[in-house]
Amino acid sequence: MQIQTALVGSYPRPINIAKVLSKLKSGKIEKQKAEKEIEKFLNKYFQFAKDSGLDYVTDSMIEWDDIADLTTSFLKGVEKGALERFFDNNFYYRRIVIKDRLQYNENNEYIIYLERARKMSNLKLKAVVLGPLTFSVLSDDLYYKKNIKNLFEDYAMVVNTLLKEARNYYDVIEIHEPAIFSKGIKKDLIEPLRTYYNSMLKDINAETHVLSYFDLRFDRINAYLNLPVNVYGFDVTESNKVKLGRLYRLIKDKEVYFGVLDSRNTKLERISTIKRIVLSAYQKGAKRVIIGNSTFNDLIPEVIVKRKFKLLKRGKEMILNG
Amino acid sequence: MDELPILPTTVIGSYPRPKWLREAIRLHKAGRISDDELKEAFDDAVVTVIRDHQVAGVDVPSDGEIRRDEMVEFFAERLGGFRFYGFVRVWGDHYYRKPSVVSKITYKSPMLLDEFNFAKSVSYTPYLKVTITGPYTIAEWSYNEYYKTKQDLAYDLAKALNQEMKKLVEAGAKIIQVDEPAIHTRKEDVEWVVDVVNESIKGINVKVVMHVCYGEYSYLEPYLDKLNVDQINLALKNYDYKPVKLFKKWDREIGVGVIDVHNKRIEDPEEVAKDLRMLLEYFKPENVWVNPDCGLKLLPRKIAFQKLVNMVKGTLMVREELKKKGYTTISLKPLVNR
């Protein structure tokens with residue numbers, strides 16, 4: 001039996017790094033000095049990942065305010081808009097305002113950050129991108145208007161270019177698509193997603209993980225499981241726990257990621273629960289199970305993130321040692 | 001009888017901390033000034049805030065919530081049942097200490113009494129507003145490690161906050177505002193949240209206001225009639241007043257947000273007056289209070305002050321027009337028997 005662990009999305013940005021970034025933005029600190037502080041943080045972060053026995057990590061996303069901020073960095077034709085609640089969390093991002101046709105911004109810093117992370121860690125590094133549907137949900141579209149399929153296609157092409165340009169610096173692509181299970185998303189937007197995923201991942205030879213979180217809806221799960229990726233992610237915390245029985249029946253022969261650590265609550269998980277979830281998935285025929293946090297780690301304090309990953313490590317050891 | 005002029009002007013609560021107060025807080029954290037010296041700085045800041053409100057001509061001021069770092073954190077620090085693990089980001093570089101509920105919520109001792117008594121002692125009017133974060137917002141913006149459901153947690157919070165509100169009434173508070181900015185976060189919760197808010201204000205027979213801002217107001221609309229508050233006040237300017245139609249059937253008082261607190265542009269008095277005239281097509285004049293969309297805390301003080309000045313000037317223009325039609329004052333008497 002194989003059991004792997006992962007950190008998905010972000011790691012909480014410590015206040016001292018926030019201060020460094022703020023000073024850098026306002027020109028109160030030299031870039032070199034800021035980079036030194038960030039590298040110091042990243043060394044600690046990758047050491048934490050190594051000590052936690054993680055198989056997959058991201059670059060921590062420390063320099064990005066949120067996933068929308070990261071996304072706007074490699075896009076032309078967009079601006080940052082008003083603050084908006086990130087799904088139903090008390091966490092806010094700036095809306096992506098699409099003012100012109102989406103194009104690739106070749107002068108983006110995301111690739112530089114991935115390259116730096118690649119040099120600093122031997123763990124399997126994931127490039128984090130938004131899925132096309134969630135991108136559209138987090139955006140105010142003033143350009144494509146009713147022609148959302150063109151928006152999907154253009155976005156997929158831009159992400160494809162980014163992933164090709166950055167190909168030497170990551171092992172895995174982590175696609176965040178929580179909107180697929182959100183309320184109010186029309187079915188006709190979900191069904192053609194496979195096509196745009198194909199465009200997004202075309203000619204890229206890398207392992208791909210798609211992540212959903214917060215909600216889980218069975219009326220859309222077939223479309224989700226039809227996306228052309230290797231690993232399908234599910235948030236199995238909070239109210240989704242009761243849906244596990246039904247979910248197990250759908251993951252036979254699939255590779256899955258289970259967000260077992262609740263990134264929205266400080267309460268620590270029971271190792272016995274994590275163990276039960278993983279063993280049940282295998283008993284029901286899952287081909288491979290990866291476990292980790294349910295969503296971005298910004299939503300809980302850093303000290304709790306550390307405790308939760310320590311617990312995950314113990315859980316993994318207990319599962320492997322019977 | 002307690003009366004206010006027609007279209008009373010008020011604030012939502014928070015006001016920018018003067019720079020010297022921020023410096024005093026920093027020095028206190030560094031151990032360089034004593035608790036007493038910090039208290040003196042807070043008291044002085046309250047005097048300053050109330051003076052700003054007075055100069056601007058606000059009818060119902062607040063103490064600017066000047067002693068509160070954050071609206072949930074403040075109460076979680078003072079109620080039993082909470083624990084803090086550290087800071088979390090809300091957006092960009094803005095953090096707060098999001099509390100965790102780790103045991104049953106208990107009311108320990110008065111939380112707002114001292115700040116209310118001090119503000120009252122330096123206020124230019126007896127019609128001072130006291131704000132208190134509502135039970136659902138505290139529950140929603142905390143981690144729940146203890147209660148089986150958020151509903152159970154919110155009910156216990158409501159009972160604790162009710163004790164606090166009773167103490168404020170005993171101390172002479174005439175206007176209490178329950179802040180529930182999270183009330184419309186989850187559609188499925190709103191029905192029971194209304195009961196929770198009602199539980200928190202049970203027996204509070206002074207003017208009770210509920211503040212709601214930024215979010216999906218339509219979730220709240222079907223349950224408005226069940227809310228036992230005298231007034232709701234809302235962020236409206238930021239939405240260019242689009243949600244107003246949702247509240248057309250609301251026949252109690254409404255505080256209309258005519259100042260965008262997320263924008264440094266200062267609305268001019270004519271703009272405020274024009275907006276108010278439009279709003280009076282939806283609501284009876286005797287039901288309308290005038291306020292900014294939300295607390296002014298995040299604005300530079302100079303801008304916050306000028307926004308209040310212009311809000312009052314714009315209101316005075318419309319007030320004069322209403323006086324000619326026979327509207328002069330409104331009563332502070334509660335509209336609902338709680």
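Computed from a prediction, not measured in an experiment: that's the story for all the values here. (Residues numbered from 1 in each chain as written. Chains lettered and ligands numbered in written order. Predicted model: local features only at pLDDT ≥ 70, side-chain atom pairs only at ≥ 80, totals over all residues.)

Student: Sorry, what's going on with the overall build of chain A here?
Tutor: Helix and strand content of chain A: twelve helices and eleven strands. Its C-alpha atoms give chain A a radius of gyration of 19 Å, near enough to 20 Å, the size a compact globule of 322 residues would have. Seen through its C-alpha atoms, chain A measures out along the principal axes to roughly 55 × 45 × 35 Å. Of all 322 residues assigned to chain A, the portion counted as buried reaches 46%. (Helix = DSSP H or I, 4+ residues; strand = E, 2+ residues; numbered from the N terminus. Rg over C-alpha atoms; globule rule 2.2 N^0.38 Å. Buried ≥ 20, exposed ≤ 12 C-beta atoms within 10 Å, placed from the backbone.)

Student: Any chance you could explain the overall build of chain B here in plain terms?
Tutor: Secondary structure assignment for chain B yields nine helices and 13 strands. For 338 residues, the compact-globule formula gives about 20 Å, and the C-alpha radius of gyration of chain B, at 19 Å, lands near that figure. C-alpha atoms of chain B, sized along the principal axes, occupy 55 × 45 × 40 Å. The buried share of chain B, reckoned over its 338 residues, is 47%.

Student: How should I be thinking about the interface of chain B and chain A in this particular structure?
Tutor: Between chain B and chain A, the contact holds 17 residues from the first and 22 residues from the second. Counting only elements with at least two residues in the side of chain B that touches chain A, the list comes to strand 3 (88-91) and strand 7 (143-144) of chain B. (Contact = placed C-beta atoms within 7 Å.)

Student: What should I look at first to understand the pairing of strand 8 (residues 175-179) of chain B in this one?
Tutor: The side chains of a regular strand alternate between the sheet's two faces. All names here are of chain B. By the criterion of burial, strand 8 is predominantly enclosed, with five of the five residues buried. In strand 8, alternate side chains face the same way, and those of Ile 175, Gln 177 and Asp 179 on one face and Ile 176 and Val 178 on the other are all buried. Relative to strand 8, strand 6 (residues 129-133) is paired through five bridges, and the arrangement is parallel. The residue of strand 8 that forms the bridge with Ile 132 is Val 178. A crossover links strand 8 with its parallel partner strand 9 (residues 207-212), the connecting element being helix 7 (residues 190-200), and its sense is right-handed. (Pairing = 2+ DSSP bridges. Right-handed = clockwise from strand over helix to strand, strands pointing away.)

Student: Looking at this structure, I do not really get the environment of Tyr 282 of chain B. What am I missing?
Tutor: All names here are of chain B. Relative to the assigned elements, Tyr 282 resides in the loop between helix 8 (269-279) and strand 12 (288-292). Residue classification places Tyr 282 among the partly exposed residues on the basis of 16 C-beta atoms within 10 Å. As for Tyr 282 and Phe 247, which are separated by 35 residues in sequence, their C-alpha atoms are 8.5 Å apart. Sequence-distant contacts of Tyr 282, defined by excluding residues within four places in its chain, comprise Val 244 and Lys 248.

Student: I keep staring at the packing of helix 2 (residues 35-56) of chain B against helix 9 (residues 301-324) of chain B and nothing clicks. Help me out?
Tutor: In helix packing, the relevant descriptors are the interaxial angle and the interaxial distance, both defined with respect to the helix axes. Residue and element names in this part refer to chain B. Running from N to C, helix 2 and helix 9 cross one another at 35°; their axes reach a closest spacing of 8 Å. Crossing geometry of helix 2 relative to helix 9 is assigned as right-handed. Where helix 2 abuts helix 9, its residues Asp 52, His 53 and Ala 56 lie against Phe 305, Leu 308, Val 309 and Val 312. A breakdown of the residues in the contact of helix 2 with helix 9 according to their chemical character gives five nonpolar, one polar and one charged. (Axes fitted to C-alpha atoms, helices over the stretch in contact; angles between N-to-C directions. Left-handed = near helix turned anticlockwise from the far one by under 90°. Nonpolar A, V, L, I, M, F, W, Y, C, P; charged D, E, K, R; others polar.)

Student: What should I look at first to understand the sheet that holds strand 11 (residues 253-259) of chain B in this one?
Tutor: Residues and elements named next belong to chain B. If you walk across this open sheet you meet the six strands as 6-8-9-10-11-12, and the pairing is parallel. The open sheet has two free edges, formed respectively by strand 6 and strand 12, since each of these has just one partner strand. When the angles between neighbouring strand axes are averaged without regard to direction, this sheet yields 25°. In this sheet, strand 12 lies alongside strand 11 in parallel orientation, the contact comprising five bridges. Paired with Gly 257 across the strands is Asn 291, a residue of strand 12. Contacting strand 11 and strand 12, helix 8 runs over the sheet at an angle of about 150° to strand 11.

Student: Got a minute to help me understand the nonpolar core in this structure?
Tutor: Nonpolar side chains tend to gather and get buried jointly when the protein is soluble and globular. Membership of the largest hydrophobic core comes to 100 residues, with the highest contact counts inside it found for Val 256 and Phe 258 of chain A. A per-element tally of this core places helix 6 (residues 148-165) of chain A first, with eight residues. The residues contacting Val 256 of chain A, other than those within four sequence positions of it, are Val 231, Tyr 232, Phe 234, Ile 251, Ala 281, Ala 286 and Val 289 of chain A. Grouped together as the second largest cluster of nonpolar side chains are 92 residues, Leu 21, Leu 128, Ile 132 and Val 212 of chain B included. (Core = buried A, V, L, I, M, F, W, Y, C linked by C-beta atoms within 7 Å.)

Student: Whenever I open this one, the environment of Asn 147 of chain A confuses me. Can you help?
Tutor: All names here are of chain A. With respect to the helices, strands and loops of the structure, Asn 147 is situated in the loop between strand 6 (139-141) and helix 6. Under the C-beta neighbour-count criterion, Asn 147 is labelled exposed, with 12 such atoms within 10 Å. Between the alpha carbons of Asn 147 and Tyr 224 there is a distance of 22 Å; along the sequence they are 77 residues apart.

Student: How should I be thinking about the sheet that holds strand 3 (residues 75-85) of chain A in this particular structure?
Tutor: Strands belonging to one sheet form pairs held by backbone hydrogen bonds; the direction of such a pair is parallel or antiparallel. Residue and element names in this part refer to chain A. Read across the open sheet, the three strands follow the order 3-4-6; overall the sheet is mixed. The open sheet has two edge strands with one neighbour each: strand 3 and strand 6. The mean inter-strand angle of the sheet, taken between neighbouring strand axes irrespective of direction, is 30°. Note: strand 4 (residues 92-104) against strand 6, three bridges, orientation parallel. Residue pairing for strand 6: Ile 96 is matched across the bridge by Ser 139. Against the sheet, helix 6 touches strand 3, strand 4 and strand 6, its axis set at about 90° to strand 4.

Student: Help me understand helix 4 (residues 113-122) of chain B, please; the structure alone is not making it clear to me.
Tutor: An α-helical turn contains 3.6 residues, so a residue and the one three or four places further along point in the same direction. Residue and element names in this part refer to chain B. Buried residues of helix 4: Glu 115, Phe 116 and Ala 119, and no others. Seen from one end, helix 4 has its buried residues packed into an arc of 100°, which puts them on one side. Facing away from the buried side of helix 4 by over 90 degrees, the exposed positions are Asp 114 and Ser 121. Of the surrounding elements, those touching the buried residues of helix 4 are helix 2, strand 6 and helix 6 (150-170). (Arc of directions from axis to C-beta.)

Student: Looking at this structure, I do not really get the packing of helix 6 of chain B against helix 7 of chain B. What am I missing?
Tutor: Residues and elements named next belong to chain B. Their axes nearest at 7 Å, the elements helix 6 and helix 7 cross at an angle of 20°. Accordingly, the angle class assigned to the pair helix 6 and helix 7 is roughly parallel. Crossing of helix 6 over helix 7 shows right-handed handedness. In this structure, helix 6 uses Gln 151, Ala 154, Tyr 155, Ala 158, Lys 159, Leu 161 and Asn 162 to contact helix 7, whose residues at the interface are Trp 192, Val 196, Glu 199 and Ser 200. Its residues placed into classes, the contact of helix 6 with helix 7 shows six nonpolar, three polar and two charged. (Parallel < 35°, antiparallel > 145°, perpendicular 65-115°, else oblique.)

Student: Just to check I follow, could you spell out unusual backbone geometry for this structure?
Tutor: One can expect most non-glycine residues to show negative phi and most peptide bonds to be in trans. Residues and elements named next belong to chain A. In the Ramachandran plot, Glu 238 falls in the positive-phi region, its phi being about 45° despite a non-glycine side chain. Tracing the backbone shows Glu 238 in the loop between strand 9 (231-235) and helix 10 (244-248). According to the C-beta neighbour criterion, Glu 238 is partly exposed, with 13 such atoms within 10 Å.

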